[in-house]
Amino acid sequence: MSDSALVFDDVTLGYDSHPVVHHLRGRVERGDCVAVTGPNGAGKSTLLKAINGLMTPLGGRIECGARARRDIAYLPQVAEIDRSFPLSVGDLVAAGAWRHCGIFSAINGTMEARVSQAIGDVGLTGFEQRAIGALSGGQLQRALFARVLVQDAAIILLDEPFTAIDNATTRDLMALIGRWRQEGRTVIAVLHDLDLVREHFPRTLLLARTAVAWGATGEVLTIDNLAAARHMIEAPDPHAPLCPVD
Amino acid sequence: MLYSLLIAPFVEFDFMRRALIGLFALGLGAAPVGVFLMLRRMSLTGDAVAHAILPGVAVGFALAGFSVVAMTVGGLIAGFIVVVVSGIAARSTALNEDATLAAFYLVSLACGVMLVSARGSNVDLLHFLFGHVLALDDPSLLLIAMTNSLSLIVLALFYRPLVIDSVDPQFLSTLSRAGGVAHLVFLAVVVITTVGAIQALGTLLGVAAMILPAVAARFWTRDVNTMVLTAPLFGISANIIGLLVSYHGDSETGPAIVLTQGFAVFLSLMFGRAGGLVPRLLRPRHRVA
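Residues numbered from 1 in each chain as written. Chains lettered and ligands numbered in written order. Predicted model: local features only at pLDDT ≥ 70, side-chain atom pairs only at ≥ 80, totals over all residues. Heavy atoms only, no water.

A.B. asks: Go over the overall build of chain A with me, naming the residues and quoting the values.
C.D. replies: Across its full length, chain A carries nine helices and nine strands. Computed over C-alpha atoms, the radius of gyration of chain A comes to 19 Å, within 12% of the 18 Å expected from 2.2 N^0.38 for 246 residues, which places it in the range of a compact globule. Considered along the principal axes of its C-alpha atoms, chain A spans approximately 55 × 40 × 35 Å. Expressed as a percentage of the 246 residues in chain A, the buried residues total 50%. A separation threshold of at least 6 residues defines the contact pool for chain A, and within that pool the share at least 24 residues apart is 70%. Here chain A displays about 11400 Å² of accessible surface, and carbon together with sulfur accounts for 50% of that area. (Helix = DSSP H or I, 4+ residues; strand = E, 2+ residues; numbered from the N terminus. Rg over C-alpha atoms; globule rule 2.2 N^0.38 Å. Buried < 20%, exposed > 50% of the residue type's maximum accessible area, 1.4 Å probe, protein only. Contact = heavy atoms within 4.5 Å. Areas by Shrake-Rupley, 256 points an atom, 1.4 Å probe, with all protein chains shown as cover.)

See below:
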C-alpha cells in the first residue's frame, strides 16, 4: 500500500447509473509512468476526473496513497480556459503556485524564479507578458505544461495532451514527461498515439469500460487485445439488467 | 476662466463639494467591481441586483421615511435575497441564471415602484430611480465612502482566486474550494457596491458606475491587473466631468454623469489601443518577427 500512488478498489464510474468504467481493479505504483488508451467513450477521461475528485464513483473507491488530492496536477482534455480573459502567460503559469501560496500569501522570489524557469523549460521565454488569447493552441498547451511544472505535484494526470499538437511540440513536452519520470513523479496520460505509448510509457492500461489489459506496454498492446477493445459497445442500454456483482 | 470652470463651483457650493467627494469614492470603488462583472460575463447580474434592491429600499423608506440606515438595510437584505434565490432557482430549475435574473429584476422593479409611490411623491420616486447626487447628506456620503472602501478591500483580498476562477474554474476547483467562495464573496461585493452607488445615481443608473468605466478600460489594455487600475481613472474623471457639465449646462446630474461615461466608452471603442476601431482600421505596420 505504502508504495502505491493510487489503488483502484473495484471502481465503477458512470453517468445516471450507466457505467462508463466498470469494476476496475488495480494499482499504480509510485513513480510509474502509465499510458491509458482505448476507444472513444471507453472511460479514460472519466477515470482521470475521478482520480482528481471531480466525480464520485458509483461503486468502489479510489485510494490516493498517503497523498492529499491537492498533490495532483491535472491537465484536462479540453481545458475550460476563458481565453478572452485578459491574463498574461506569466500569471497563468504562476497560478500553479496555488498550493504554496493559497489565497493570500505573496508569490516570493523562489516562486517567481520557479515560474520563469518553468516558462523557459517549455520554450516560452519572451512570452511572459503575452495575453493568453494571443497564443496558438500549441503555445497554450506549452503554457499549461509550465503550470503543471510549477505545481510540483507527486501525481500528474494528462488527458490527451498532444491532440492537435505538432511533432516538435509533442517531442519537447514528451521530454518533460520523461523528466518527471526521472524525478520519481507518477504520470498517468491518456493517449491515442500507440507508437508514442510504446516508445515512452513502460506501462499501459487498455480501457474499454472494463480493463481489457493492464501491465507492461508490450504485453498489453497486442493485436488481440486491441481488437477486443474495439468491440466495446459504446451506447448505454436503458434495459440493461442491474449489475449482479455488488 | 479655468478657475470659474473647474474650481469655483466647488468653492462656492457645499452640495458640489459633497457631490465631488461622493463621486470620487464611487469612481474609485465601483469600477474594479465592474471589471470583474464584465470579465465574468455578469453585467446583467449587476443590473438585476440594482433593480432588485429597490423594493428593499422602498420598504425601508415606507417604514422609516428618508432614513439612510433603514433604506440601506432594506436594500442589502433584498439584494442578498435576490442573489441567493436566483442562484438556487438557476441550479434547481430548467431556467438558466440569465433568464431567472431578468424575471426577478423586472418583478422587483415593478414592486419597488409600487411601494415607493404608495408612500411618497413622484419626486421621491425620481430620487430612487435616478439618485440625488446634488443632495448627499452626511449619512449618504458616509455610506458611499464605506461601501466603496469595503468593496475595494474585499476585492483586493480575494483578487487571486477571483482571477483564477474567472480564467480556469476547473483548475481551481481541483485544488481548493476557494473558487466557489470567491464567487459568493464577489456577489456580496456587488450588492454592497450597488447599495452605495444607488445613493448617487439611483437604481436605474447606479450600475453604470461599475460597468461603463470597466468597458472603457477594456479597450486600453490586455492585462487584467492594468485594467483594474485603469478603470477607476475612467470612473473618477468621467464622474467629475459629468458633474461639472451638468452644473454649467444646468442639466440633470445623474444622466450627465452616465452620458460622460458613455462618451468615454465611445472614445475608447474608437481609439483604444487594445482593440479599438481606428487602430484596427489604420492597420499599423507590422514587424518581421
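A.B. asks: Help me get a handle on the confidence of the model for chain A, residues and values and all.
C.D. replies: Looking at chain A as a whole, the pLDDT averages 89, with 96% of positions reaching at least 70. When pLDDT is averaged over each element of chain A, helix α2 (residues 89-94) of chain A comes out on top at 96 and helix α3 (residues 98-101) of chain A at the bottom at 88. (pLDDT = per-residue confidence, 0-100.)

A.B. asks: Run through empty space enclosed by the protein, naming residues and quoting values.
C.D. replies: Counted according to the given criterion, the structure contains five cavities of 30 Å³ or more. Space inside the largest cavity adds up to approximately 160 Å³. Looking at the largest cavity, it is lined by 15 residues, and the ones nearest its centre are B:V57, B:M71, B:F128, B:I198 and B:Q199. Of all the elements in the fold, those that place two or more residues in the lining of the largest cavity are α3 (43-64), α4 (68-92), α6 (122-130) and α10 (178-205) of chain B. With five residues, the single largest contributor to the lining of the largest cavity is α10(B). Grouping the amino acids of the lining of the largest cavity by side-chain chemistry returns eight nonpolar, seven polar and no charged. If you trace the second largest cavity, you find it lined by A:Y74, A:P76, A:R147, B:D168, B:Q170, B:F171 and B:T174. For the lining of the second largest cavity, the element with the most residues is helix α9 (residues 169-175) of chain B, which contributes three residues. Of the residues assigned to the lining of the second largest cavity, the class counts are three nonpolar, two polar and two charged. (1 Å grid on protein atoms, 1.4 Å probe; cavity = no way out; pocket = protein on both sides within 12 Å on 5 of 7 lines; lining within 4 Å. Points joined across faces, edges and corners; volume = space filled by probe spheres on them. Nonpolar A, V, L, I, M, F, W, Y, C, P; charged D, E, K, R; others polar.)

A.B. asks: Got a sec to walk through the sheet that holds strand β1 (residues 4-15) of chain A? Specific residues and values, please.
C.D. replies: Residues and elements named next belong to chain A. On the basis of which strands lie adjacent, the open sheet formed by three strands has the order β2-β1-β4 and antiparallel pairing. Single-partner strands in this sheet number two, and they are β2 (18-29) and β4 (59-63). In this sheet, adjacent strand axes meet at a mean angle of 15° when their direction is disregarded. Bridge count for β1 against β4 is four bridges, and the pairing is antiparallel. Looking across to β4, one finds that F8 is bridged to I62. Helix-sheet contacts for helix α1 (residues 44-51) involve β1, β2 and β4, and the interaxial angle to β1 is about 120°. (Pairing = 2+ DSSP bridges. Axes fitted to C-alpha atoms, helices over the stretch in contact; angles between N-to-C directions.)

A.B. asks: Describe in detail the pattern of salt bridges, supporting the description with residues and values.
C.D. replies: All names here are of chain A. For the structure shown, the criterion picks out 17 salt bridges over all chains. Of the charged contacts, one joins R114 and D152 as a salt bridge, the two residues approaching to 3.9 Å between their closest N and O atoms. On the criterion of sequence distance, the pair formed by R114 in helix α4 (residues 109-121) and D152 in the loop between α5 (137-151) and β6 (155-159) is long-range, its members being 38 residues apart. By relative accessible area, D152 is classed as partly exposed at 29%. A cluster of three or more residues bridged by salt bridges with shared partners is formed by R114, D121, D152, R179, E183 and R185. (Salt bridge = Lys/Arg side-chain N within 4 Å of Asp/Glu carboxyl O.)

A.B. asks: Any chance you could break down the interface of chain A and chain B for me, citing the residues and the numbers?
C.D. replies: Size of an interface, as often reported, equals the accessible area lost when the parts are brought together. Contact with chain A, which involves 30 residues of that partner, is made by 26 residues of chain B. Of the roughly 2400 Å² buried where chain A meets chain B, counting both sides, 60% is carbon and sulfur surface. Among the residues of chain A in contact with chain B, A:F85, A:P86 and A:W98 are the three that bury the most area, contributing 30% of the side total. Between the two partners, chain A and chain B, sit two salt bridges. Its salt-bridge partner being B:R41, residue A:D82 comes within 3.0 Å of it at the nearest N-O pair. Between the two partners, chain A and chain B, sit nine residue pairs in polar contact (both at pLDDT 80 or more). (Buried area = accessible area lost by both parts, 1.4 Å probe. Polar contact = N/O pair within 3.5 Å; in protein donor to acceptor, adjacent residues only side chain to side chain.)

A.B. asks: A description of the packing of helix α8 (residues 159-167) of chain B against α10(B) should follow, citing residues and the corresponding values.
C.D. replies: All names here are of chain B. Direction vectors running N to C along α8 and α10 enclose 105°, while the axes themselves pass 9 Å from each other. Taken as axis vectors, α8 and α10 run roughly perpendicular relative to one another. In this structure, α8 contributes P161, L162 and D165 to the contact, and α10 contributes A178, G179, A182 and F186. Taken together, the residues of the contact of α8 with α10 break down into five nonpolar, one polar and one charged. (Parallel < 35°, antiparallel > 145°, perpendicular 65-115°, else oblique.)

A.B. asks: Would you mind going over unusual backbone geometry in detail, with residue names and values included?
C.D. replies: Residues and elements named next belong to chain A. Positive phi, close to 55°, is recorded for D10, a residue that is not glycine. Looking at the secondary structure, you find D10 in strand β1. Look at E160: it is not a glycine, yet its phi comes out positive at around 45°. Considering the arrangement of structural elements, one finds E160 in the loop between β6 and α6 (167-182).

A.B. asks: Could you give me a rundown of the sheet that holds strand β8 (residues 203-208) of chain A, with the residues and numbers involved?
C.D. replies: Pairing between the strands of a sheet comes from backbone hydrogen bonds, and it takes one of two forms, parallel or antiparallel. Residue and element names in this part refer to chain A. Here six strands make up an open sheet; going across it, the order is β5-β6-β7-β3-β8-β9 and the pairing mixed. Each edge of the open sheet is held by one strand with a lone partner, namely β5 (72-75) and β9 (210-216). Sheet twist, expressed as the mean angle between neighbouring strand axes with direction ignored, is 15°. In this sheet, strand β7 (residues 186-190) lies alongside strand β3 (residues 33-37) in parallel orientation, the contact comprising four bridges. Residue pairing across strands places C33 opposite V187, the latter belonging to β7. Together, β5 and β6 form the strand contacts of α5, whose direction differs from that of β5 by roughly 175°.

A.B. asks: I'd love a proper account of the environment of B:L136, names of residues and values included.
C.D. replies: Residues and elements named next belong to chain B. Inspection of the secondary structure assignment puts L136 in the loop between α6 and α7 (138-157). Since its relative accessible area comes to 4%, L136 is described here as buried. As for L136 and R18, which are separated by 118 residues in sequence, their C-alpha atoms are 6.4 Å apart.

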